Amino acid sequence: MAEKVLKSFLTCQVCCETFKDPVSLGCYHNFCHGCLESFWEQAKNKNCPTCKRKDSKDTLLINFGLQELVDSYAGRQRADPPESRAVCRTHTQDLKWCEEEHRVVCPVCDQQVHGLTLVPLEDEMHNVKVQLKPQLESLKKKMNEYKEIYDTYGNMGQHCKKQLGETERQIKAEFDQLHKFLIQEEEDRMAALREEEKQKRETIILEQENIQAQMSLLSEVISAVEQDLPLKDNAAFLTSPRDLWSGSGPHPLRGGLVDVAKHLGNLSFRVWEKMREKIQFTPVILDPNTASTCLVISEDLTSARYKVGPRQEHPDNPERFRVYSNVLGSEGFTSGEHSWEVEVGDHPDWLIGVAKETVDRKDGLFASPENGFWCLFHYKGGYSTGSGKRLNLKKNPERIRVLLDCGRGEVSFFDAGGNDPILSYRGTFSEKIFPFFSVWPASGAQTRDVKVCVCLK
């Protein structure tokens, strides 16, 4: 009761709200300063809104004592809200909730709600809170998901910067090797050119010396004949030798110039052919962005090794496998035939095969055809299929050949050493198919890495 009296005392009769900047008139009625000014402006007079008595004050002064009381009351209301009730300001009767019209009503003021379902506001508010609680939990869960993704983006940004440095270093190293090869090839070909020019020049000089010696002999013969010819005028002259020179005539040297065509002809192509003999080609390149954090991928992206100990700090991007030690090839296939060989040596535990692009990469599903994996299993010395069927092999192959035929929907596995068939799957590939690898600890085996083999092209 006292609460209602106090609230009534602190309520402006114009706006029916708690006073804001209260002012007092000569009749001792109190109003909000702004409400009173607006009321007088509309009424075109300065009468009290309550008793209609004309006020004689020229200036409205804030009643600071009443303002302190209002502030104290407002603070208490904020500190103890459960004590407040929603009531009609006119009849001080509890307000109700109309379930049909979904609004707050006063049963006395609003006659149109008679006959409708009215419930206490407290009950409706309780129902609303009950309904909102699971939604609130869902929103909190979604907020955590957003936060996780936000943090993942941060890790991805840092990892991208690290990838930039590492990839730049490897690209530079690759091109340094190519530059060294080309520089060495240039030096070798320039040396061969100079050596040929030297040999040709020496041959020409030697030929010149031989010709000069022949010319000297011939000059002596000519001089002797010219001296003796006027003195020989008897019959004996007719029987003297008439062959003055028995040597052969000069023959120009063939092939005396540098063979320019040999040095320049198809130069770039011949250098490329030689380079091609030294460069290796791998039909499948591993995608490090899909690799589990417990897999170490080699710098040339051709082999994978299980990392014993703490996992690597890689971002949990959507492409990456989270649970098992899996990795995909970087290129997928939708048509044609494709094959590659994988060196497994004596590694005890691995999976090799193919997988659909849309396989689950976070929940660790079993690598079966039903889940989008077609693989050959090797576990603790035995071989099996994705359905758990055991395979009996005469020997343990050290190299596995995988043959993917997208058109026929077939994946086959062979012992690359003798081309003996091991396993074959038939299915329907309705999306892109990627090479798939899973590597577990090598234990005491000599082979630590599972490696895609180089092929000749």
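Here the structure is a predicted model, which means the values were calculated and not measured.

### Focus on the sheet that holds strand β10 (residues 350-356)
Next up, step 1: In spatial order, the strands read β8-β17-β10-β11-β12-β13; together these six strands make up an open sheet with antiparallel pairing. One side of each edge strand has no neighbouring strand; the edge strands of this open sheet are β8 (326-328) and β13 (390-391).
Next up, step 2: Note: strand β11 (residues 373-379) against strand β12 (residues 382-384), three bridges, orientation antiparallel. Across the sheet, residue His378 finds its bridge partner in β12, namely Tyr383.

### With respect to the layout of surface pockets
Next up, step 1: Roughly 640 Å³ of internal volume is contained in the second largest pocket.
Next up, step 2: Residue lining of the second largest pocket: 20 residues in total, with Gln170, Glu174, Ile279, Gln280 and Asp300 positioned closest to the centre.
Next up, step 3: Secondary-structure elements contributing two or more residues to the lining of the second largest pocket are α4 (121-228), α6 (267-278) and β18 (450-452).
Next up, step 4: Here the lining of the second largest pocket is built from residues that sort into 10 nonpolar, five polar and five charged.

### Let's talk about the environment of Met125
Next up, step 1: Looking at where Met125 falls in the secondary structure, it is placed in helix α4.
Next up, step 2: Exposure remark for Met125: the relative accessible area of 46% places this residue in the partly exposed category.

### Some details on the sheet that holds strand β7 (residues 303-306)
Next up, step 1: If you trace the seven strands from one edge of the open sheet to the other, you get β6-β7-β18-β9-β14-β15-β16, paired in antiparallel fashion. Strand pairing shows two members of the sheet lacking a second neighbour, β6 (295-297) and β16 (420-426), which therefore form its edges. Across the sheet, the mean angle from the axis of one strand to that of its neighbour is 20°, orientation sign disregarded.
Next up, step 2: Pairing geometry for β7 and β18, over two bridges, is antiparallel. Within β18, the residue paired with Ser303 across the bridge is Lys451.

### Observations concerning α4
Every α-helix winds through 3.6 residues per turn, so residues three or four apart in the chain are directed the same way.
Next up, step 1: Under the 1.5 Å per step criterion, the end-to-end length of α4 is 155 Å for 108 residues, consistent within 8% with the ideal 160 Å.
Next up, step 2: Roughly 30° is the biggest bend found in α4, and it falls at Leu132, with proline Pro134 one to four residues downstream.
Next up, step 3: Of the surrounding secondary structure, the elements contacted by the buried residues of α4 are β3 (96-98), β4 (103-105), β5 (118-120), α5 (260-264) and α6.

### Description of the packing of aromatic side chains
Next up, step 1: Tallying each qualifying case throughout the model produces 10 aromatic pairs.
Next up, step 2: Here the aromatic rings of Phe366 and Phe377 are separated by 5.5 Å at their centres, their planes lie at 20°, and the arrangement is stacked. Taken together, the positions of Phe366 in the loop between β10 and β11 and Phe377 in strand β11 put the pair 11 residues apart, joining distant regions of the chain.
Next up, step 3: Accessibility expressed as a relative area gives 44% for Phe366, which makes it partly exposed.

### A closer look at the side chain of Ser303
Next up, step 1: For Ser303, the location among the structural elements is in strand β7.
Next up, step 2: The buried category is assigned to Ser303, whose relative accessible area is 5%.
Next up, step 3: Within the structure, Ser303 has its side chain in polar contact with the side chain of Asp449 (distance 3.5 Å).
Next up, step 4: Setting aside its immediate chain neighbours within four residues, Ser303 contacts Leu286, Val296, Ile297, Ser298, Asp449, Val450 and Lys451.

### Some words on the pairing of β16
Next up, step 1: One ladder, built from six bridges, connects strand β15 (residues 410-415) with β16; its direction is antiparallel. Following the sheet pairing, Glu410 is matched in β16 by Arg426.
Next up, step 2: Hairpin connection from β15 to β16: four residues lie between these consecutive antiparallel strands, with Asn419 at a positive phi of about 60°.

### What to know about unusual backbone geometry
Next up, step 1: Non-glycine residue Asp21 carries a positive phi angle of around 55°.
Next up, step 2: Looking at the element boundaries, Asp21 is found in the loop between α1 (2-9) and β1 (22-24).
Next up, step 3: Its identity as a non-glycine residue notwithstanding, Asn419 has a phi of 60°, on the positive side.
Next up, step 4: Residue Asn419 is classed as partly exposed on the basis of its relative accessible area, which comes to 45%.

Criteria and thresholds
- Residues numbered from 1 in each chain as written.
- Predicted model: local features only at pLDDT ≥ 70, side-chain atom pairs only at ≥ 80, totals over all residues.
- Heavy atoms only, no water.
- Pairing = 2+ DSSP bridges.
- Helix = DSSP H or I, 4+ residues; strand = E, 2+ residues; numbered from the N terminus.
- 1 Å grid on protein atoms, 1.4 Å probe; cavity = no way out; pocket = protein on both sides within 12 Å on 5 of 7 lines; lining within 4 Å.
- Points joined across faces, edges and corners; volume = space filled by probe spheres on them.
- Nonpolar A, V, L, I, M, F, W, Y, C, P; charged D, E, K, R; others polar.
- Buried < 20%, exposed > 50% of the residue type's maximum accessible area, 1.4 Å probe, protein only.
- Axes fitted to C-alpha atoms, helices over the stretch in contact; angles between N-to-C directions.
- Expected span 1.5 Å × (residues − 1).
- Bend = angle between axes of the 7 residues up to and from the residue.
- Contact = heavy atoms within 4.5 Å.
- Phe/Tyr/Trp six-rings, centres within 6.5 Å; stacked < 30°, edge-to-face > 60°.
- Polar contact = N/O pair within 3.5 Å; in protein donor to acceptor, adjacent residues only side chain to side chain.

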